[in-house]
4 protein chains.
Amino acid sequence: MIPDQAARSAYLSAHQFQSPVNALIENKIRESFARQGLMQTLGASIRSVEPGRAVIECPFQLGLSQQNGYFHAGAITSLLDSACGYASLSVMEEDADVLSAEFKINLLKPADTQLIIAEGKVIQAGRTLVVCEGWAWDGAAKKLLAKMQATMVAIRPGK
Amino acid sequence: MIPDQAARSAYLSAHQFQSPVNALIENKIRESFARQGLMQTLGASIRSVEPGRAVIECPFQLGLSQQNGYFHAGAITSLLDSACGYASLSVMEEDADVLSAEFKINLLKPADTQLIIAEGKVIQAGRTLVVCEGWAWDGAAKKLLAKMQATMVAIRPGK
Amino acid sequence: MIPDQAARSAYLSAHQFQSPVNALIENKIRESFARQGLMQTLGASIRSVEPGRAVIECPFQLGLSQQNGYFHAGAITSLLDSACGYASLSVMEEDADVLSAEFKINLLKPADTQLIIAEGKVIQAGRTLVVCEGWAWDGAAKKLLAKMQATMVAIRPGK
Amino acid sequence: MIPDQAARSAYLSAHQFQSPVNALIENKIRESFARQGLMQTLGASIRSVEPGRAVIECPFQLGLSQQNGYFHAGAITSLLDSACGYASLSVMEEDADVLSAEFKINLLKPADTQLIIAEGKVIQAGRTLVVCEGWAWDGAAKKLLAKMQATMVAIRPGK
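None of these values were measured; they are calculated from a predicted model. (Residues numbered from 1 in each chain as written. Chains lettered and ligands numbered in written order. Predicted model: local features only at pLDDT ≥ 70, side-chain atom pairs only at ≥ 80, totals over all residues. Heavy atoms only, no water.)

> Would you explain the pairing of strand β1 (residues 45-50) of chain A in this entry?
All names here are of chain A. For β1 and strand β2 (residues 53-59), the ladder comprises five bridges, and the chain directions are antiparallel. Residue E50 lies in a different strand from β2, and its bridge partner there is R53. Between β1 and the antiparallel strand that follows it, β2, lie two residues; G52 among them carries a positive phi value of about 80°. (Pairing = 2+ DSSP bridges. Helix = DSSP H or I, 4+ residues; strand = E, 2+ residues; numbered from the N terminus.)

The following block contains the structure:
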């Protein structure tokens, strides 16, 4: 009854081996991302969208730094927030929009990298609340720089 | 460069395939656990200790419930806090003690189960701060009931 | 435009100068509290309920300790979780129940006190989500031992 | 023994009525802020620095928006992170630097405002860890848009 590697893999793989998101939802996500002025300002782009998972990447530039020249925690958080938001949107109804209710992030290592890969993943999809985890990796996806836990809210028309 | 299943497994397996914790540290953890009055009150016991990982289990009793007869969020949180604390202690120096600096938990499902399995796992071990994740599973380790992200502090003698 | 003491007081006083909670809601809260087995096990009691605010107190006993004989972080968290839950319930519709969605706590000082006073307070009351802050004070209400930020969910019949 | 308005005010006023930060520390903070490329990119500026408190403001521009034209949660978080960081730096030793260990934020209202006022405040100052709260207000400092709880770490030379 101890959680074994199989259970752990199943947990991490949730939503991972389903069919691709349908075109309608992928379009909705990409259009929404294009309207996020902050993502443009940061120079971020969507790497991939799957059901329950979204990956955003962002190259380093001095305009994203904190005082020592690494990625600012706020920049990393912004990328992970959007990644978790779009991971959530991918499992919501087609006419829903998404807002961030709250999130928490641990900054694990100085983000001394030329590229951030921000991965958001749904771990619990309710009708109103969707809980996600987010991982910020360095460009080689070898070092975990930050870890997020987030709650997203589905906004439905007429509500 | 997209985090793939291999990178994800490596992340989750960190600290997992090392040799067992040495007897000195395992004793220190079990003695510390025995001094935690709250763990006795809840009826919890240590299931296993490995380097960077500790598993605590606790059977349900009415004295642990919230208003609807499920495990109280506070009981689950207490178990995960101790599991993360002992996961951290397992990677600290032999004369260190551990205190919780902070944690955040998402309650994912009503904890309608006869047994909680609380698993704590180190994801970043610094000299002073150790960052952990915690998972609360139902007794069959099939449903993820709650997810924690925690920061522990090493307390060293003479500091 | 700088937040001044007046704005800060207004923020902290939100919900504080309204009329008392009506008897129906106070009864609902006290009955719900009485059904929380964990609160009985910890030896906690409700000190007061006002609109948007609930105070729970709990005397120390060895059965609530961590390894050094202070209040276990999990015990403090449990008290604050219930305090935030009942603060939330006090502003919800009469037939609603409350569940914890998530919370985060910082443990600020070793809880070396004979009494914990756990105060929960609503800072944003939506129809479904209620956001609270929680403060754990020592028995003299002079030292802030822990600080919580929590999200509660309203559960309405037939939903 | 119930936390009363006096205790609550004392809590919120901690660090507030001390003498101004000395010129050396204020200079250190302003120079550090000037090196944060992200703050320049967002168009943020320091409004005030006091011992244990820092206020940053940032006017709205489309380049800071989420998909509906409000401030992106990541922008608000970035401002609060820096405000908490500099509030912390104001109470650290003169040769210390500050890094964010972790933070959690609740987004309370859609940030439909022309100006964000991000206020960071120390609630517990240890030698290594400093715990802060952050409030994001609208431009009139009337509506609380978001609430943060954060842990900052002092980095000292030669450590």
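Next comes the rest of the write-up.
> Teacher, can you tell me more about the sheet that holds β1 of chain A here?
Strand-to-strand pairing in sheets goes through backbone hydrogen bonds, with the strands running parallel or antiparallel. If you trace the 12 strands from one edge of the open sheet to the other, you get β1(A)-β2(A)-β4(A)-β5(A)-β6(A)-β3(A)-β3(D)-β6(D)-β5(D)-β4(D)-β2(D)-β1(D), paired in antiparallel fashion. In this open sheet, the two strands that pair with only one neighbour each are β1 of chain A together with β1 (45-50) of chain D. Neighbouring strand axes in the sheet, compared pairwise and without regard to direction, differ in orientation by 20° on average. With nine bridges connecting them, strand β4 (residues 115-125) of chain D and strand β5 (residues 129-138) of chain D associate as antiparallel partners. In the sheet register, E119 of chain D faces β5 of chain D, and the bridge partner there is W135 of chain D. Contacts from helix α2 (residues 23-35) of chain A reach β1 and β2 of chain A, with the element oriented near 155° to β1 of chain A. Helix α2 (residues 23-35) of chain D rests against β1 and β2 (53-59) of chain D of the sheet, and its axis sits at about 155° to β1 of chain D. (Axes fitted to C-alpha atoms, helices over the stretch in contact; angles between N-to-C directions. Contact = heavy atoms within 4.5 Å.)

> Whenever I open this one, the environment of Q124 of chain A confuses me. Can you help?
Within the secondary structure, Q124 of chain A is located in strand β4 (residues 115-125). Classification of Q124 of chain A as buried rests on a relative accessible area of 18%. Spatially, the C-alpha atom of Q124 of chain A lies 15 Å from that of A101 of chain A, the residues being 23 residues apart in sequence. Setting aside residues no more than four positions away along its own chain, Q124 of chain A makes contact with L129, V130 and V131 of chain A together with L108 and K109 of chain B. Of the polar contacts made by the side chain of Q124 of chain A, one reaches the backbone oxygen of L108 of chain B; its length is 3.4 Å. Side-chain polar atoms of Q124 of chain A contact the side chain of K109 of chain B, separated by 2.8 Å. (Buried < 20%, exposed > 50% of the residue type's maximum accessible area, 1.4 Å probe, protein only. Polar contact = N/O pair within 3.5 Å; in protein donor to acceptor, adjacent residues only side chain to side chain.)

> In this structure, what is going on with the interface of chain A and chain D? I would like to understand it.
The accessible area lost on association of the parts is a frequent measure of interface size. Chain A puts 35 residues into the contact, and the matching count from chain D is 35 residues. Around 2,600 Å² of area is buried between chain A and chain D when both sides are counted, 51% of it from carbon and sulfur atoms. Here chain A is connected to chain D by two salt bridges. Residue E102 of chain A is joined to K104 of chain D by a salt bridge in which the shortest nitrogen-to-oxygen separation is 2.7 Å. Where chain A touches chain D, the interface holds 30 residue pairs in polar contact (both at pLDDT 80 or more). For the side of chain A that touches chain D, the secondary structure elements donating two or more residues are α2, α3 (37-42), α4 (73-89) and β3 (97-107) of chain A. Looking at the side of chain A that touches chain D element by element, the count peaks at 11 residues for β3 of chain A. Examined bridge by bridge, β3 of chain A and strand β3 (residues 97-107) of chain D share five bridges and lie antiparallel to one another. For I105 of chain A, the partnering residue across the bridge sits in β3 of chain D and is F103 of chain D. (Buried area = accessible area lost by both parts, 1.4 Å probe. Salt bridge = Lys/Arg side-chain N within 4 Å of Asp/Glu carboxyl O.)

> Honestly, the relation of the copies chain A and chain D in this entry has me stumped. Any pointers?
Both copies of the chain are related by one operation, a rotation about an axis with a shift along it. For the pair chain A and chain D, the relating rotation is 180°, the translation along its axis is 0.0 Å, and the fit reaches an RMSD of 0.0 Å. Expressed as a symmetry operation, the mapping of one chain copy onto the other fits a two-fold axis. Every residue of chain A has its C-alpha some distance from the rotation axis, and the shortest such distance is that of K104 of chain A, at 2.0 Å. Of the residues that chain A buries at the interface, 100% are likewise interface residues in chain D, meaning the two copies contact each other through the same surface. (Least-squares fit on C-alpha atoms with pLDDT ≥ 70 in both.)

> Honestly, the state of the cysteines in this entry has me stumped. Any pointers?
Two cysteines joined by a covalent bond between their sulfur atoms form a disulfide. All names here are of chain B. Using the criterion set out here, one finds zero disulfides over all chains in the structure. Sulfur of C132: no disulfide; nearest cysteine sulfur belongs to C84 and is 4.7 Å away. A relative accessible area of 0% means that C132 is categorised as buried. (Disulfide = S-S within 2.5 Å.)

> Sorry if this is basic, but what is going on with the sheet that holds strand β1 (residues 45-50) of chain C here?
Spatially, the 12 strands line up as an open sheet ordered β1(B)-β2(B)-β4(B)-β5(B)-β6(B)-β3(B)-β3(C)-β6(C)-β5(C)-β4(C)-β2(C)-β1(C), and their pairing is antiparallel. Looking at strand neighbours, the two that pair on one side only are β1 (45-50) of chain B together with β1 of chain C, the edges of this open sheet. Mean inter-strand twist for the sheet, computed between neighbouring axes without regard to direction, equals 20°. Each of β1 and β2 (53-59) of chain C is contacted by helix α2 (residues 23-35) of chain C, which is oriented at about 155° to β1 of chain C, the strand it contacts most.

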